[in-house]
Amino acid sequence: FIEDRFNDEYLIAVGTVEPRKNYRTIIHAWSQYRKSSGRDIKLVIVGGEGWGEDNLKDHFTTYCHKGDMFILSNASFNELIELYSNARACIA
């Protein structure tokens, strides 16, 4: 299923969605990079929902509906390996 969903260029970020993971900055930097480079690179976030980021869901929803961002909360170990292997870069 991974090959079918993520056959475009993408960046990957892995970790629970919560303030200490700094997803606001990640999303902002990714969005700015897309604008300045003109590249249609996707963002794949692998991690469950944490605490304290309720209003961040609005950003996720907008990008996810456009097909620019994907949130995976229950990727298997093998899927995670494949996602890491095919990503252009890992954001940590």
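On a predicted model such as this, the values are computed, not experimentally measured, just so you know.

Thresholds applied
- Residues numbered from 1 in each chain as written.
- Predicted model: local features only at pLDDT ≥ 70, side-chain atom pairs only at ≥ 80, totals over all residues.
- Heavy atoms only, no water.
- Core = buried A, V, L, I, M, F, W, Y, C linked by side-chain atoms within 4.5 Å.
- Buried < 20%, exposed > 50% of the residue type's maximum accessible area, 1.4 Å probe, protein only.
- Helix = DSSP H or I, 4+ residues; strand = E, 2+ residues; numbered from the N terminus.
- Contact = heavy atoms within 4.5 Å.

1. Description of the nonpolar core
(1) Moving on: Among the nonpolar cores identified, the biggest contains 14 residues, and Tyr23, Ile27, Trp30, Leu43, Ile45, Phe60 and Met69 are the most heavily contacted of them.
(2) Moving on: Going through the elements one at a time, strand 1 (10-14), helix 2 (23-37), strand 2 (42-46) and helix 3 (56-66) are the ones with two or more residues in this core.
(3) Moving on: With 4 residues, helix 2 is the largest single contributor of residues to this core.
(4) Moving on: Excluding residues within four positions of it along the chain, Tyr23 makes contact with Ala13, Val14, Gly15, Thr16, Val17, Glu18, Ile45 and Leu56.
(5) Moving on: In terms of nonpolar packing, the next biggest core, distinct from the first, is built from 8 residues, Ile12, Val44, Val46 and Phe70 among them.

2. Looking at the side chain of Lys42
(1) Moving on: Within the secondary structure, Lys42 is located in strand 2.
(2) Moving on: Those residues in contact with Lys42, other than ones at most four positions away along the chain, are Asp8, Glu9, Tyr10, Leu11, Trp30, Arg34, Gly67, Asp68 and Phe70.

All we've got here are geometric facts, nothing functional implied.
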